[in-house]
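Observations on chain architecture
What follows is the residue order along each chain.
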Amino acid sequence: MNENMRVKIEFLGTQRTLAGADSIETPITGKTTVNDALKYVIDKYPQLKLDKDTALVVVNQQLASRDQILKENDIISFVPFISGG
Amino acid sequence: MEILKQIRYKPARVAGGYTDRILRVDLGRREINIEKLPTDFKDKYTGGRGYALKAIWDGTTRQTRYDSPENILVMASGPLGNEPGFPGTGKFIVGTISPMTDTFIDSNVGGHFGPLLKLAGFDALAVTGISEKEAVILIDGDARTITIAEAPQYDKETDDGALAFGDRLLKEVNNGQYSDCLAAVSAGRGALHSRYGVIHSLFYDRRRHRIRAKQAGRGGTGTVMRAKGLKSIVVRSSLSKANGNHPVDKKGVRAAGRALKQVINKADPTQLHLSAWGTTVLSEYMDKFHIFPVDNYQYGQSPDSAKLFAHVFLDNYFSKRIPDGCYYGCNLACAKGAENVELTRGPAAGRKVSVDGPEYETVGAVCCMGIFDPQFVMEYNWYCDQYGIDVISTGVTIAFFMECFERGYLSIEDIGYELKFGSIAAAGRCLHQIAGGRGFGRVAGQGVARGKKWVARKYAARHKASPDEVMAELDKFGMEVKGLEFSMYISKESLAQQGGYGFSLKGPQHDEAWLIFIDQVYQELPTLEEKAAALRWFPLIRTWFNATGLCKLHWIDVRNPEAAATDEPSKNLPTLAHYVDYLNATTGSHKSLQDILDDSERLYILQKLINLRQGKGTRESDQIPLRAMAPAFFNEYQSRAEYYDLWLGQNGGVRKLPASPKQRHKLLIERRKRDYQQLCDAVYEKKGFTPEGVPGREIVARFGLLDEKARRLLDETGA
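Residues numbered from 1 in each chain as written. Chains lettered and ligands numbered in written order. Predicted model: local features only at pLDDT ≥ 70, side-chain atom pairs only at ≥ 80, totals over all residues.

Our next topic: the overall build of chain B. A tally of regular secondary structure across chain B gives 31 helices and 17 strands. When the backbone C-alpha atoms are referred to their principal axes, chain B occupies close to 75 × 55 × 55 Å. Put simply, 71% of the contacts in chain B that link residues at least 6 apart link residues at least 24 apart. (Helix = DSSP H or I, 4+ residues; strand = E, 2+ residues; numbered from the N terminus. Contact = placed C-beta atoms within 7 Å.)

Next up, the structure:
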């Protein structure tokens, strides 16, 4: 296993302004889950006000379950509820 | 202004959200009549959309076209319009027989016109006839007069401008002063020369100290208005907007409004944050998930898309310190605007103008033409508004002809210039030609459906080809259904949204169903059964908003945190409960959500009957272009080959992929076509329709709509 595995966390829309960054990279282990990544972002960026219970997490443009194990170079983002105009 | 006809009247008082009056104006006969409705009328035909549908069903025939004297232009709010205590109550609908689709179109629009019309004593205004002279209508609830007058003439620029003329008229009839006791609708010269003219809803914004505009944009309502010889309608009422609906239960209305406002205040800033960014915030999410309609919906993403993301407009154009919104009491307030934007191109180059927008749809229309220049977005927005043409149909039509040019179906000789994706000069030239009815603009002003026929004739004659065969190719990428251009979302990767567009009664505008994220991203509709159920439920509730005078963004684009604990979070039922409470408190009814859905279904079936009568109501009319369901051409497949190959294995039931990419592309198209037909079968069954997409007699009878006309119609279709 690569000990330097990293994933990218992208900030979209208003999240970018609130986080002050387009994206960040963070290391993972072979056991890091989507839920771990979400907790990490909630702790590091409380201003995003992501809800740990209801936030929709997308990995590589696919909705991800909370217990999904992350892989190297995965791209994670948090999507708001959109239902069109 | 020369008065052509005037009557005096006593404005009816609004009670429980209704006045039970329709104002009928016949411009040809110069007649003005006030029709008092039986009190049970509104129980059957709810509010704005219901009134319009009933008027069109009764007053027009299958021979009626948009410019027929008997065509009716209906404007109506609804029982829940005009309540500053509840957010999003400035909406009204414009309903008529469309020049695009030849059947019923309704387009909903914000502003003050609907609320003021109601305060002036009318649930609806219905205009028929064609005026000999260009006319305006003045509905003055304060002076208690209704007037048909000859349209005043100012100067050419003002007279031609949809914004400028309405703005000037609003001042002129109020002693040179703006006032929020007045509002207007207007149509411009673009509506004279194209089929997709809009009706502007003009209102005075006290914060910006100017007239602002929202649009009834889809389906050519402005073209109908100008075909009637009508340039503008002004309404005035000084009655208080607060409690203007005289609700049965004032406290109940306040409680429902307060509850919804709290949800918006709490949830919107952590979600899309429409209150700060407006709907342009959608661009980034659409691009992220391959839904941004780049180059005539060929590609869902572009490396240049970021130039059109919301922060660009927020940083460089939007006025940030002015709370926005198109009606009082709205705390979502997504109607953004910009001041002192200097035009750099076109006939008004050098002028500094105010721009209302852009909305997401305007940004989408510009990327559809392959253009990624935010300054062009602002200018395109302003010119379309001033000409009075639909930003969506204009952009999609130009994009279609761009693709015709690039694929060799049209030449410079046909157009007069190189009309290529990404060319700001060519797009601008075409836009100005459309508005002026000049050159190639006379063709482009007809829209995609008629444009396809023109191209097929030209190309077939030049190449001695079969026009039918050429047409079959153009059908693959001419993005229209029933004659209306698609709104600005790529539906290829969401089967549910393909149905959302295909089954939409008015044509592919997303206000019946926008299921892309629910289906494609959130994956809440994994089975055909669930997609069909959504395609029955969402159109009923979404179009109920159009019937009642409400904006639906507060429900659909701000997810109530409590929804997460419900069985179907995508329906956002905790927020809908506030709407049910608001309805009951206003009208004194005791309706449940299911009752509301039933009310809406009656209107849905009535609209379907009108579509059947007009030849747009069967399965054939619900078919969508290949590009709406699959990569129509090989270049589109190649742009996401890995994804599509994976899809064939996971969703297409293909165990062993064909060896060549071209074979895989062909197989993908076959699978997508099969899926869409299966969806048609499932949805028709779910709606109680025949496999041909015709409502069964039982369902028509259940809603009390099986009159003699409906019987004959269903006899003809064999239902």
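Before going further, it helps to examine the environment of lysine 686 of chain B. Residue and element names in this part refer to chain B. Here lysine 686 shows up in helix H29 (residues 661–687). Note on lysine 686: 17 C-beta atoms within 10 Å, which makes it partly exposed. For the pair lysine 686 and glycine 252, spaced 434 residues apart in sequence, the C-alpha separation works out to 36 Å. If we skip the residues at most four places from it in the chain, lysine 686 touches Ala532, Ala533 and Arg536. (Buried ≥ 20, exposed ≤ 12 C-beta atoms within 10 Å, placed from the backbone.)

What follows concerns the confidence of the model for chain B. With 100% of its residues at a pLDDT of at least 70, chain B reaches an overall mean of 96. For this predicted complex, the interface confidence score (ipTM) comes to 0.92, while the overall pTM stands at 0.97. (pLDDT = per-residue confidence, 0-100.)

All names here are of chain B. Relative to strand S3 (residues 31–36), strand S2 (residues 21–26) runs antiparallel, the two being bridged by six bridges. Considered in S3, the bridge of arginine 21 is made with lysine 36. Between S2 and S3, which pair antiparallel and follow one another directly, the connecting turn spans four residues, one of which, arginine 30, has a positive phi of 55°. (Pairing = 2+ DSSP bridges.)

For chain A, mean pLDDT is 90; residues scoring 70 or higher make up 96% of the total. Looking at the elements of chain A, mean pLDDT is at its lowest for strand S4 (residues 62–63) of chain A, recorded as 87, and at its highest for strand S1 (residues 6–10) of chain A, recorded as 96.

Let us now look at the nonpolar core. All names here are of chain B. Within the largest apolar cluster, 236 residues are counted, with the highest numbers of intra-cluster contacts made by Val74, Val234 and Val235. The greatest single-element share of this core, amounting to ten residues, is contributed by helix H15 (residues 391–406). Valine 234 has contacts with Val136, Leu138, Leu169, Leu170, Val173, Leu182 and Ala184, leaving out every residue within four places of it along the chain. (Core = buried A, V, L, I, M, F, W, Y, C linked by C-beta atoms within 7 Å.)

Moving on, we get to the sheet that holds strand S3 (residues 56–59) of chain A. Residue and element names in this part refer to chain A. Taken in spatial order, the five strands line up as S2-S1-S5-S3-S4 in an open sheet, and their pairing is mixed. Two strands in the sheet have a free side with no partner beyond their single neighbour: strand S2 (23–27) and S4. Relative to strand S5 (residues 75–79), S1 runs parallel, the two sharing two bridges. Paired with isoleucine 9 across the two strands is isoleucine 76, which belongs to S5.

Hydrogen bonds between backbone groups are what pair the strands of a sheet, and the pairing can be parallel or antiparallel. Residues and elements named next belong to chain B. Spatially, six strands are ordered S3-S2-S7-S4-S5-S6 in an open sheet, and the strand pairing comes out mixed. The sheet is open, and its two borders are formed by S3 and strand S6 (104–109), each paired with just one other strand. Direction aside, neighbouring strands of the sheet carry axes that sit 15° apart on average. Two strands pair when backbone bridges link them, and strand S5 (residues 92–97) and S6 are joined in this way by six bridges, in the antiparallel orientation. Note that in S6 the partner of phenylalanine 92 across the bridge is valine 109. (Axes fitted to C-alpha atoms, helices over the stretch in contact; angles between N-to-C directions.)

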